[in-house]
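Breakdown of the fold
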Amino acid sequence: MQTDFLKVEALSRIYPGSRGQAPLVVFENVHFSIGKGEFVCIIGHSGCGKSTILNVLAGLDEPSAGVVIMDGREVAGPSLDRGVVFQGHALMPWLSVMKNIEFAVKSRWPDWRKDKVRSHCQQFIDLVGLTGAEHKKPSELSGGMKQRVGIARAFSIQPKMLLLDEPFGALDALTRGVIQDELLKICAATGQTVFMITHDVDEAMLLSDRIILMTNGPRARIAEIVVNTLSRNRTRNDVHKDPQYYRIRNHLVDFLVSRSREMAQAPAADSDPRHPPEVRPGEEMDDQGIAKPPPAQKQPAMHLV
Amino acid sequence: MIMIKSLNFKALIVSVLLLSAVLLGWYLATLPQAADTAAVDPEYAALMGGAAVKNSGMPTPAELGHTLRERLSDPFYDHGPNDKGIGIQLAYSLARVLAGFALAALVAIPLGFVVGMSPLMQRALNPYIQLLKPISPLAWMPLALYTIKDSSASAIFVIFICSLWPMLINTAYGVASVRRDWLNVAKTLEVSALRKAFRVVLPAAAPTILTGMRISMGIAWLVIVAAEMLVGGTGIGYFVWNEWNNLSLTNVIFAILMIGVVGMLLDLVFAGLSRLVAYND
Ligand SMILES: Nc1ncnc2c1ncn2[C@@H]1O[C@H](COP(=O)(O)OP(=O)(O)OP(=O)(O)O)[C@@H](O)[C@H]1O
Ligand SMILES: [Mg+2]
């Protein structure tokens, strides 16, 4: 896995203070990179700047400092290469489900014939389980259905990279599971590179290869990057059975509950923001901080959460 | 459902009662005065009373009904400049309103797009809009007559001026307040400026633009009557003024009624159009 398909360097976002107030530093000096075909989640408390980072990656927002390089080129504006699922679904309410997706597909491939556009859109409508709702307007859909249309729209243009801002936030557990499985399947089949924001620890563990943890804002930064050591062909049904599952989960929950705040107040002096520490919870570290695989049979299967 | 039905039914009854009350009051108010009839010889009164009131004073409801039937049964006759059917007069007024309104839409909607999309233009043009908007459209009439030299075209110009502002302001507002999310979607899809304007901004702003058009049309229909009273010749405004000079209050009341009906129909048309472009979010 080459690790520089997407490279984020020294990214900061500062909003100028209004009328004599101090400027608001949302986050500063953020470095990370995403390999081709890698699935990266970012977790952090509300307001730490996750959506801002995603908007910068999408080219919709300009950073105050730093650069984003994708596929060897600097990101300088939005592009069809990066498909975005917005936090609010951002569907056009005057268009039907089909037309909303068609709008994207026609923008991507302007010279496609009508029936080709149709069948391509239909394929993605079916994928997110909205068959039969093609001609409904967004106002006639539930929140979860709307979000699924937004997902279908982003997938339909087959971008080099997907940027998802809490795509499953509004879904019920059942639909969420179905779409998570679909997303896993698509990513496995197409080698899709994904950057996703989530608040759901289990979702991050199921889907992602690495999980970026942000400290609380303002002045948020990357606390550490958790490498997901669960087996790559995990599924929603068996992921809980891996003993690693609870070690990683405890680590993440512990971070969200207490460490994200503590670290924001007392920045760790020893960590270099260019290389945020990569941790593998549950695996022993040797002196160099490089994880060793746990010796077989040494630890009993843990179910003590 | 039953509640709504019965509510509608009650409303209808109240409406009908109101109308009857107005007609009755009108009828009683225009009865030949008792004092007059008593003072003169009853036979003379019987001979003269009705006729004397009929020609100059307030018409009775029956007289209006008669005029209504007569004029509406032949709305398009043309007996020279001072005697045309009501349909022809209304058609003249409508043609002027539609011409002025269409010209205003051609200017206001593209200009509103520019103002709404560009904060620079918004700031640059705002003082002029604020200054010109409160001027009564009729104040432009002398200037229009002097420069255009044609009375009918001047009336159209006045309609143009009065329709311009609500459409311009609403278009600019609608365009400026298109949801950021939708514009971001267009941006990430690398949609061209023209496609974005027609496929995203226009449908998003359409309800606001149509509200502006509806207000404009309402004002235009108000103003045309006054404008035609000034410029004369043809049109419903001229008709009202002419009948006033003839001291035919029956015809004046009839014309007032027609102005109301046409205004209401115009508003209904725009209400229908609004429903076409409305969306629920
Ligand atoms: N236009 C703006 N002006 C000033 N501050 C802003 C602006 N937009 C966002 N912010 C601030 O930037 C910070 C980060 O916002 P952002 O939307 O990225 O948070 P987030 O991590 O995505 O939160 P959530 O999980 O709730 O979506 C917030 O504290 C917000 O107040
Ligand atoms: Mg957010």
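On a predicted model such as this, the values are computed, not experimentally measured, just so you know.

A few words now on the overall build of chain A. Within chain A one finds 7 helices and 11 strands. Radius of gyration (C-alpha) of chain A: 20 Å, near the 19 Å computed for a compact globule of 305 residues. Taken along its principal axes, the extent of the C-alpha atoms in chain A is 60 × 55 × 35 Å. Excluding contacts between residues fewer than 6 apart, the proportion of contacts in chain A whose partners are at least 24 apart in sequence is 69%. Summing over all exposed atoms, chain A offers an accessible surface of approximately 14,400 Å²; the carbon and sulfur share of this is 51%. Across chain A, the 37 positively charged side chains and the 36 negatively charged ones have centroids separated by 6 Å.

Let us look at the packing of aromatic side chains. By the definition in use, this model includes 9 aromatic pairs over all chains. Centre to centre, the rings of A:Tyr245 and A:Tyr246 are 5.0 Å apart; their planes meet at 85°, and the pair counts as edge-to-face. Between B:Phe101 and B:Phe270, the ring centres sit 5.6 Å apart and the planes meet at 75°, which makes this aromatic pair edge-to-face. Here B:Phe101 is found in helix 5 (residues 86–117), whereas its partner B:Phe270 is found in helix 12 (residues 249–277), with 169 residues between them in sequence. Residue B:Phe101 shares its accessibility class with B:Phe270, and that shared class is buried. Three or more aromatic residues link up through ring pairs in this structure, and these residues are A:Trp94, B:Trp182 and B:Tyr279.

Residue and element names in this part refer to chain A. Protein coordination at the magnesium ion (ligand 2) comes from Ser51 (OG) and Gln87 (OE1), with a distance range of 1.9 to 2.4 Å. Here Gln87 lies in the loop between strand 6 (82–85) and helix 2 (97–108) and Ser51 lies in helix 1 (residues 50–58), a separation of 36 residues in the sequence. Here Ser51 falls in the partly exposed class, since its relative accessible area comes to 24%. Given the relative accessible area of 43%, Gln87 is considered partly exposed.

Glancing now at the site of ligand 1. Residue and element names in this part refer to chain A. Near ligand 1, the surroundings consist of 13 residues, among which Ser46, Gly47, Lys50, Ser51 and Thr52 are the closest. Between ligand 1 and the protein, one listed contact pairs an oxygen atom with a backbone N or O atom of Cys48 at 3.4 Å. Between an oxygen atom of ligand 1 and a side-chain N or O atom of His199, the distance comes to 3.4 Å. When ligand 1 is considered free in solution it has 640 Å² of accessible area, and contact with the protein chains removes 61% of it. Sorting the residues of the shell around ligand 1 by element identifies strand 2 (24–34) and helix 1 as the ones contributing at least two each. Here the residues of the shell around ligand 1 sort into 4 nonpolar, 7 polar and 2 charged.

On to the confidence of the model for chain B, then. Atomic detail in the predicted coordinates should be set aside for any region of low pLDDT. Residues and elements named next belong to chain B. Taken as a whole, chain B shows an average pLDDT of 89; of its residues, 90% reach a score of 70 or greater. Under a pLDDT of 50 for its full length, residues 49–55 has, in the predicted model, 5 contacts with residues more than four places off or in other chains. In the model output, the complex is listed with pTM 0.83 alongside ipTM 0.84.

All names here are of chain B. Where helix 11 (residues 236–245) meets helix 12, the axes come as close as 8 Å, and the angle between the chain directions of the two elements is 160°. Put simply, helix 11 runs roughly antiparallel to helix 12. Pair helix 11 / helix 12 crosses with left-handed handedness. Each of Ile236, Phe239, Val240, Glu243 and Trp244 in helix 11 lies in contact with helix 12, whose residues at this interface are Leu249, Asn251, Val252, Ala255 and Ile259. When its residues are assigned to classes, the contact of helix 11 with helix 12 shows 8 nonpolar, 1 polar and 1 charged.

Here we take up the interface of chain A and chain B. Contacts between the two partners involve 19 residues from chain A and, on the opposite side, 17 residues from chain B. On the chain A side of the interface with chain B, the three residues burying the most area are A:Pro93, A:Trp94 and A:Phe103, jointly 34% of the side's total. At the surface where chain A touches chain B, the tally comes to 0 salt bridges. Our count for the contact surface shared by chain A and chain B stands at 4 residue pairs in polar contact (both at pLDDT 80 or more).

The subject of this paragraph is the UniProt feature "domain: ABC transporter" (unreviewed entry) in chain A. Following the UniProt record, one finds the feature "domain: ABC transporter" (unreviewed entry) at residues 6–241 of chain A. Secondary structure within residues 6–241 of chain A divides into 31% helix and 25% strand; the distance between the first and last C-alpha atoms comes to 33 Å.

Before going further, it helps to examine the sheet that holds strand 2 of chain A. Residue and element names in this part refer to chain A. Ordered by their spatial adjacency, 4 strands build an open sheet running 2-1-4-5, and the pairing between neighbours is antiparallel. On the outer flanks of this sheet lie strand 2 and strand 5 (73–74), each paired with one strand and no other. With 5 bridges joining them, strand 1 (residues 6–15) and strand 4 (residues 65–70) adopt antiparallel strand pairing. The residue of strand 4 that forms the bridge with Val8 is Val68. Each of strand 1, strand 2 and strand 4 touches helix 1; the most contacted strand, strand 1, lies at about 125° to it.

This part takes up the pattern of salt bridges. All names here are of chain A. Under the criterion given, the structure shown has 19 salt bridges over all chains. Between Glu224 and Arg259 there is a salt bridge; the shortest N-O distance is 3.0 Å. With Glu224 in strand 10 (residues 222–227) and Arg259 in helix 7 (residues 243–265), the pair connects residues that are 35 residues apart, well separated along the chain.

With that settled, consider a nonpolar patch on the surface. All names here are of chain B. On the surface, Leu103, Leu106, Val107, Leu111, Val114, Leu120 and Met121 cluster together to form a nonpolar patch covering roughly 610 Å² of accessible area. Mapped onto the nonpolar patch, the elements with two or more residues apiece are helix 5 and helix 6 (119–132). Looking at the nonpolar patch element by element, the count peaks at 5 residues for helix 5. Relative to the elements of secondary structure, Leu103 occurs in helix 5. For Leu103, a relative accessible area of 43% translates into the label partly exposed.

Turning next to the sheet that holds strand 8 (residues 193–197) of chain A. Residue and element names in this part refer to chain A. Ordered in space as 6-7-8-3-9-10-11, the 7 strands form an open sheet in which the pairing is mixed. Two strands lie at the open edges of the sheet, namely strand 6 and strand 11 (278–279), each paired on one side alone. With 2 bridges connecting them, strand 10 and strand 11 associate as parallel partners. Counted as the bridge partner of Ile225 is Glu278 from strand 11. Along the sheet, helix 7 contacts strand 3 (39–43), strand 9 (210–214), strand 10 and strand 11; its crossing angle with strand 10, the most-contacted strand, is approximately 175°.

What follows covers the environment of A:His135. All names here are of chain A. Considering the arrangement of structural elements, one finds His135 in the loop between helix 3 (114–127) and helix 4 (143–156). Along the backbone, His135 and Ser96 are 39 residues apart, and their C-alpha atoms lie at a distance of 5.1 Å. Residue contacts for His135: discarding those within four places in its chain leaves Ser96 and Arg118.

Definitions and cut-offs
- Residues numbered from 1 in each chain as written.
- Chains lettered and ligands numbered in written order.
- Predicted model: local features only at pLDDT ≥ 70, side-chain atom pairs only at ≥ 80, totals over all residues.
- Heavy atoms only, no water.
- Helix = DSSP H or I, 4+ residues; strand = E, 2+ residues; numbered from the N terminus.
- Rg over C-alpha atoms; globule rule 2.2 N^0.38 Å.
- Contact = heavy atoms within 4.5 Å.
- Areas by Shrake-Rupley, 256 points an atom, 1.4 Å probe, with all protein chains shown as cover.
- Lys, Arg positive; Asp, Glu negative; His and termini not counted.
- Charge placed at Lys NZ, Arg CZ, Asp CG, Glu CD.
- Phe/Tyr/Trp six-rings, centres within 6.5 Å; stacked < 30°, edge-to-face > 60°.
- Buried < 20%, exposed > 50% of the residue type's maximum accessible area, 1.4 Å probe, protein only.
- Donors = N, O, S within 2.8 Å, 3.2 Å for Na, K, Ca; no water.
- Near = heavy atom within 4 Å.
- Polar contact = N/O pair within 3.5 Å; in protein donor to acceptor, adjacent residues only side chain to side chain.
- Nonpolar A, V, L, I, M, F, W, Y, C, P; charged D, E, K, R; others polar.
- pLDDT = per-residue confidence, 0-100.
- Axes fitted to C-alpha atoms, helices over the stretch in contact; angles between N-to-C directions.
- Parallel < 35°, antiparallel > 145°, perpendicular 65-115°, else oblique.
- Left-handed = near helix turned anticlockwise from the far one by under 90°.
- Buried area = accessible area lost by both parts, 1.4 Å probe.
- Salt bridge = Lys/Arg side-chain N within 4 Å of Asp/Glu carboxyl O.
- UniProt positions renumbered as here; feature names shortened; annotations may be inferred.
- Pairing = 2+ DSSP bridges.
- Patch = residues over 30% accessible without salt bridge, like charges linked within 9 Å, V, L, I, M, F, W, Y side chains within 5 Å.

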